[in-house]
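# Per-entry structural report
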Amino acid sequence: MKAYAMLGLNETGWVEKQDPVCGPLDALCRPVALAPCTSDVHTVWEGALGERHDLVLGHEGVGEVIEVGDLVEDFVPGDVVIMPAITPDWGSREAQRGYPVHSGGMLGGWKFSNSKDGVFAEKIHINDADANLALLPQEISPETGCMLSDMMPTGFHASEMAKVTFGESVCVIGIGPVGLMCVRGAVLRGASRVIGVGSRPICVEVAREYGATDIVSYKDGPIAEQVLDMTDGDGVDRVLIAGGDVDTFAEAIRMLKPGGAIGNVNYLGSGDSVRIPRLEWGVGMGHKTIHGGLMPGGRLRMERLASLIVHGRVDPSLMITHRFEGFDHVEEAVRLMKDKPQDLIKPVVFI
Ligand code: NDP
Ligand code: ZN
């Protein structure tokens with residue numbers, strides 16, 4: 001089969017690979033719509049996962065089931081499905097401990113474009129198909145459905161981790177597609193004031209549509225200072241991080257009220273340590289909690305998130321700025337994701 005892969009550090013290209021084999025609990029899909037992720041960029045151009053050779057990229061897409069294993073009960077060839085970025089082993093001990101996303105070891109549920117070939121391929125292997133796949137509701141187009149693989153579940157997870165609740169103030173650091181979904185997630189959980197941090201005008205526009213009340217640019221000076229100024233020195237109840245780097249945590253801690261919480265979904269692609277400022281962390285006693293997590297997968301979660309789209313609570317299609325038709329355009333879409341032109345939020349390739 002043909003696939004688009006990381007050939008080595010800083011290098012991508014088309015490769016021929018053997019077709020995947022469908023085990024008894026598995027499914028094989030053909031791609032219907034695919035999207036690249038900033039994480040693919042961290043993987044190839046920042047070497048965040050280390051050296052990889054001919055690893056097929058991609059973990060966001062909608063597929064059509066073409067084969068199922070003997071023990072798969074709920075899916076049949078022809079079904080159009082959401083292929084989640086995270087596909088845990090649901091029988092693992094980590095899953096029984098409540099963290100399927102870490103099945104088989106830390107981050108082990110992230111298989112596509114990490115520990116096994118990703119979705120930018122003519123045939124895609126899905127483990128534990130009954131537990132990991134979800135039917136794409138007919139009301140949702142395959143392009144929009146791609147946002148259910150990773151952007152929506154990840155962005156919404158930030159609010160879950162930080163436990164945003166009614167009337168709270170929230171700062172969302174980074175308003176790329178993940179941060180935009182953080183904004184919408186916080187609004188749906190009842191946040192009052194939502195301050196978005198970013199600079200691309202297209203992202204600012206969509207952030208406002210999703211319910212951001214204020215926008216701050218990190219290019220105008222330290223963001224903690226700006227947020228403290230805007231809040232009469234009080235800071236915010238919750239900080240959701242979907243952009244920046246290891247130093248961003250220092251800003252987040254500074255702008256957080258005592259008792260507040262950070263929900264980080266940003267992938268720290270470089271740097272050895274995260275800096276936590278001693279004084280602003282209440283010399284260790286400020287009750288400022290830091291959570292960081294990979295999006296949880298699972299069919300039920302995917303179905304619930306899809307129902308939010310069906311019932312008009314969120315429209316992730318606002319984030320799709322570039323549309324392509326034809327598998328070959330995956331290459332162009334990945335390049336766009338790397339270069340991040342001013343008018344880009346998210347590209348999608350319809351196959
Ligand atoms: P983008 O690059 O599109 O967006 C990043 C955002 O951060 C932009 O708004 C950018 O501003 C802003 N930003 C950049 N530098 C800074 C800074 N120094 N301080 C504050 N804000 C800054 O990324 P995505 O939205 O696609 O992804 C966000 C992160 O989430 C990535 O690291 C990605 O790998 C990760 N991720 C994590 C997952 C998980 O499960 N935990 C899953 C998927 C992705 P500007 O407007 O200027 O561009
Ligand atoms: Zn991703």
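The rules behind the values
- Residues numbered from 1 in each chain as written.
- Chains lettered and ligands numbered in written order.
- Predicted model: local features only at pLDDT ≥ 70, side-chain atom pairs only at ≥ 80, totals over all residues.
- UniProt positions renumbered as here; feature names shortened; annotations may be inferred.
- Helix = DSSP H or I, 4+ residues; strand = E, 2+ residues; numbered from the N terminus.
- Domains from an automatic or database assignment.
- Contact = placed C-beta atoms within 7 Å.
- Nonpolar A, V, L, I, M, F, W, Y, C, P; charged D, E, K, R; others polar.
- Pairing = 2+ DSSP bridges.
- Right-handed = clockwise from strand over helix to strand, strands pointing away.
- Axes fitted to C-alpha atoms, helices over the stretch in contact; angles between N-to-C directions.

## Here we look at the UniProt feature "domain: Alcohol dehydrogenase-like N-terminal" (unreviewed entry) in the protein
Within the UniProt annotation, "domain: Alcohol dehydrogenase-like N-terminal" (unreviewed entry) is assigned to residues 25-128. A helix fraction of 12% and a strand fraction of 26% characterise residues 25-128, whose end C-alpha atoms lie 5 Å from each other.

## What to know about the UniProt feature "domain: Alcohol dehydrogenase-like C-terminal" (unreviewed entry) in the protein
If you check UniProt for "domain: Alcohol dehydrogenase-like C-terminal" (unreviewed entry), the listed places come out as residues 177-295 in our numbering. End C-alpha to end C-alpha, residues 177-295 measures 14 Å, and it is 32% helix and 22% strand.

## Thoughts on the domain arrangement of the protein
You can read the domains of the protein as domain 1 (2-150 + 295-350) and domain 2 (154-292). Placing a centre on the C-alpha atoms of domain 1 and another on those of domain 2 gives a separation of 27 Å. With 18 residues of domain 1 in contact, the opposing surface of domain 2 contributes 16 residues. It is helix α1 (residues 38-45) that contributes the most residues to the side of domain 1 that touches domain 2, 3 residues altogether. Here the side of domain 1 that touches domain 2 is built from residues that sort into 8 nonpolar, 5 polar and 5 charged.

## So, the sheet that holds strand β2 (residues 11-16)
The strands that make up a sheet are held in pairs by hydrogen bonds between backbone atoms, and each pair lies either parallel or antiparallel. In space, the 3 strands of this open sheet follow the order β2-β1-β4, with antiparallel pairing throughout. Every other strand in the sheet has two partners, leaving β2 and β4 (55-56) as the edge strands with one partner each.

## Remarks on the pairing of strand β13 (residues 256-264)
Bridge count between strand β12 (residues 236-241) and β13: 5 bridges; the pairing is parallel. When the sheet's bridge partners are listed, Arg 238 is paired in β13 with Ala 261. Taken together, β12, helix α9 (residues 248-255) and β13 form a β-α-β motif whose crossover is right-handed. Two elements, β13 and strand β14 (residues 289-292), share 4 bridges in a ladder whose sense is parallel. Its bridge partner lying in β14, Ala 261 is registered against Thr 289.

## Side note on the sheet that holds β13
Strand order in this open sheet of 6 strands is β11-β10-β9-β12-β13-β14, and the pairing throughout is parallel. With partners counted over all chains shown, the strands left at the sheet margins are β11 (214-216) and β14, one partner each. Taking the axes of each pair of neighbouring strands and ignoring which way they run, one obtains an average angle of 20° across the sheet. Contacts between helix α5 (residues 151-162) and the sheet are confined to β12, β13 and β14, with β13 contributing the most and set at about 145° to the helix. The strands touched by helix α8 (residues 223-230) within the sheet are β9 (170-173), β10 (194-197), β11 and β12, with β11 carrying the most contacts at an inclination of about 150°.

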